[in-house]
Every structure is written in structure tokens, then in C-alpha cells.
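Working through the structure, step by step
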Protein chains: 2
Amino acid sequence: MNEPVPVHPAPVPVLALGDILLVSLQGELHDGLAEQLQQDLSHRIATTGVSGVVIDISGVDIVDSFLGRVLAEIASTARLLAARTVLAGMRPAVAITLVELGLALPGLTTALDVDRAMEVLSQRGR
Amino acid sequence: MNEPVPVHPAPVPVLALGDILLVSLQGELHDGLAEQLQQDLSHRIATTGVSGVVIDISGVDIVDSFLGRVLAEIASTARLLAARTVLAGMRPAVAITLVELGLALPGLTTALDVDRAMEVLSQRGR
């Protein structure tokens with residue numbers, strides 16, 4: 001009998017755009033994947049010295065307390081490594097749910113879309 | 001029988017670079033040493049009137065809650081004496097651990113290395 005092959009979901013891609021790292025979250029982010037993303041991002045920030053991280057969540061329908069915590073932790077870690085994080089593309093329904101959950105993400109800067117997030121980061125960098 | 005000689009670890013050296021004090025932490029920082037460093041730094045800031053302090057922790061593998069608190073206290077003390085503190089060279093693993101411990105060091109400015117930390121301080125000073 002064949003053993004079931006363990007499924008290792010592909011890591012979330014991290015793109016380098018000049019002085020900024022861009023991550024596009026899509027669908028659900030499982031525990032292992034979230035942890036890997038945090039480690040990937042931390043290492044990329046420390047090795048490349050980028051000044052900012054944009055996390056695009058326009059493809060995310062649901063932000064639960066787990067994802068909320070992951071996003072907050074990524075932002076805190078990035079800050080310790082001297083990079084700013086901007087959360088881009090949050091859907092209105094997601095924003096409402098987050099506030100209802102009491103997860104107002106106080107430390108996180110937000111922008112309507114990736115374009116504006118890049119603008120926010122480039123203004124602050126100067 | 002000889003009494004054991006009490007070991008007094010050498011104090012952490014504090015270098016003056018123009019308008020900035022530079023401290024390079026290496027290995028572990030024991031209780032007494034941390035307290036002494038905080039006192040040394042405070043006196044040096046008050047007597048020399050420097051505008052900034054850079055604490056290089058690139059040689060530190062582990063930042064526990066004790067060291068996290070010491071760093072935060074040094075920064076708070078420096079701020080009360082009108083100097084800014086920048087924490088330089090934090091390793092990615094250290095950043096992740098700090099966030100997991102809930103020690104996001106909110107009042108501390110960070111920089112990837114000493115060079116950039118000096119840049120941050122000289123920009124702010126102007």
C-alpha cells in the first residue's frame with residue numbers, strides 16, 4: 001500500500017521591488033506556511049536591507065484571529081529589523097470582521113492598494 | 001585554602017564617535033554588567049552631551065526577556081537625558097524570538113547595522 005504523500009504547500013512567494021518586498025497572500029494561510037513566511041521575510045529583510053514590506057491581502061476573503069496575529073507579528077518582526085510594513089488591499093468586509101473580532105491591528109499601517117502602499121513607504125523612507 | 005577570587009567581568013566598552021556613543025554587546029550580558037552599562041551610559045550622556053547612542057547587538061545570539069528589558073530601559077534613560085538610542089544589527093532569529101516573547105520593544109528605533117544606525121541618528125539630529 002502506498003503511504004499518503006504529505007502535502008507541503010508551496011511557500012508564499014516574496015518579490016523584491018527595488019527597496020521593497022511584496023507578498024501577495026491568497027486564500028488561506030496555514031500555520032506552517034505562516035511561520036515559514038515570517039522566517040523568509042525576516043531573512044530577506046536582514047540580508048537585503050530593504051526599507052519596507054507590502055503585504056497584499058486583496059485576495060484574502062477571511063482574516064481570522066490567527067491571520068490577524070500573523071500579520072501583526074510579521075509587522076513587529078520587520079520593525080525590529082528596521083523595515084516598515086504596509087497592509088494593502090483589505091476588503092471592506094474583512095475590515096468590519098476584524099473590528100468586530102477586536103483585532104484593530106493598531107501597529108499596522110494600511111493602504112487601499114499595492115500602489116498606494118508603495119507610495120506610503122517611499123514617502124516615509126525619505 | 002585559598003578563597004575563590006570573585007570574578008568581576010570587564011565592563012562593556014563604550015566608544016565615543018563624534019556626537020554618538022557606540023556600545024557593542026557580545027555574548028551574554030549578566031545582571032551586574034547590564035546595570036553597570038546603564039549607569040556608564042547615563043553618565044557619559046550627561047557629561048558629554050552626545051545626541052545619540054548606538055547599541056550593536058549583531059554579536060548577540062539570544063535576546064531573552066532580561067536583555068529585552070535592559071535595552072528598553074537604556075533607551076528610556078537615554079531619552080530622558082535627551083539622547084536617542086538606535087539598536088543595530090539584530091539577527092532575524094532574534095527578532096522572531098522577541099516578537100514571540102511579546103517583547104516588540106515599541107519605543108526602540110532599529111537599524112540593520114551600525115552604519116545605518118549612525119545615518120538614522122545624523123538625519124534626525126539635523
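From a predicted model like this one, the values you see are computed outputs, not experimental measurements.

1. Points about the interface of chain A and chain B
How large an interface is tends to be reported as the accessible area lost when its parts come together. Contact residues are listed per partner, giving 14 residues for chain A and 16 residues for chain B. Where chain A abuts chain B, roughly 1,300 Å² becomes buried across the two surfaces, and 68% of that area is made up of carbon and sulfur atoms. Contact with chain B buries surface across chain A, with R79, L80 and L81 of chain A losing the most and accounting together for 46% of the total. Viewed at the interface, chain B and chain A are joined by seven residue pairs in polar contact (both at pLDDT 80 or more). When contributions to the side of chain A that touches chain B are tallied by element, the ones reaching two or more residues are α1 (31-48) and α2 (65-80) of chain A. Ranked by residues supplied to the side of chain A that touches chain B, first place goes to α1 of chain A with six residues. For the side of chain A that touches chain B, the residue count by class is five nonpolar, seven polar and two charged.

2. Notes on the nonpolar core
One finds L25 of chain A together with L25 and M90 of chain B to be the most contacted residues of the largest nonpolar core, which totals 65 residues. Sort the elements by how many residues they give to this core and α2 of chain A lands first, with eight residues. Those residues in contact with M90 of chain B, other than ones at most four positions away along the chain, are L80 and L81 of chain A together with I57, A95, L98 and L105 of chain B. Ranked by size, the runner-up nonpolar core spans nine residues in total, among them I20, V54, V120 and L121 of chain B.

3. Considering unusual backbone geometry
Residue and element names in this part refer to chain A. You will see that A82, though not glycine, has its phi angle at about 70 degrees, which is positive. Examined against the element boundaries, A82 turns out to sit in the loop between α2 and β4 (84-88). Classification of A82 as partly exposed rests on a relative accessible area of 30%.

4. Some details on the UniProt feature "domain: STAS" (unreviewed entry) in chain A
The feature "domain: STAS" (unreviewed entry), as given by UniProt, occupies residues 10-121 of chain A in the numbering adopted here. End C-alpha atoms of residues 10-121 of chain A are separated by 28 Å, and the span's content is 46% helix alongside 24% strand.

5. Digging into the environment of T110 of chain B
Examined against the element boundaries, T110 of chain B turns out to sit in strand β5 (residues 109-111). Classification of T110 of chain B as buried rests on a relative accessible area of 9%. Separated by 23 residues in the primary sequence, T110 of chain B and L87 of chain B place their C-alpha atoms 4.6 Å from one another. The residues touching T110 of chain B, leaving out its near neighbours within four places in the chain, are R79, L80, L81 and A82 of chain A together with V86 and L87 of chain B. A distance of 2.5 Å separates the side chain of T110 of chain B from the backbone oxygen of R79 of chain A, its partner in a polar contact. Of note is the side chain of T110 of chain B, whose polar atom sits 3.3 Å from the backbone nitrogen of A82 of chain A.

Parameters and conventions
Residues numbered from 1 in each chain as written. Chains lettered and ligands numbered in written order. Predicted model: local features only at pLDDT ≥ 70, side-chain atom pairs only at ≥ 80, totals over all residues. Heavy atoms only, no water. Contact = heavy atoms within 4.5 Å. Buried area = accessible area lost by both parts, 1.4 Å probe. Polar contact = N/O pair within 3.5 Å; in protein donor to acceptor, adjacent residues only side chain to side chain. Helix = DSSP H or I, 4+ residues; strand = E, 2+ residues; numbered from the N terminus. Nonpolar A, V, L, I, M, F, W, Y, C, P; charged D, E, K, R; others polar. Core = buried A, V, L, I, M, F, W, Y, C linked by side-chain atoms within 4.5 Å. Buried < 20%, exposed > 50% of the residue type's maximum accessible area, 1.4 Å probe, protein only. UniProt positions renumbered as here; feature names shortened; annotations may be inferred.

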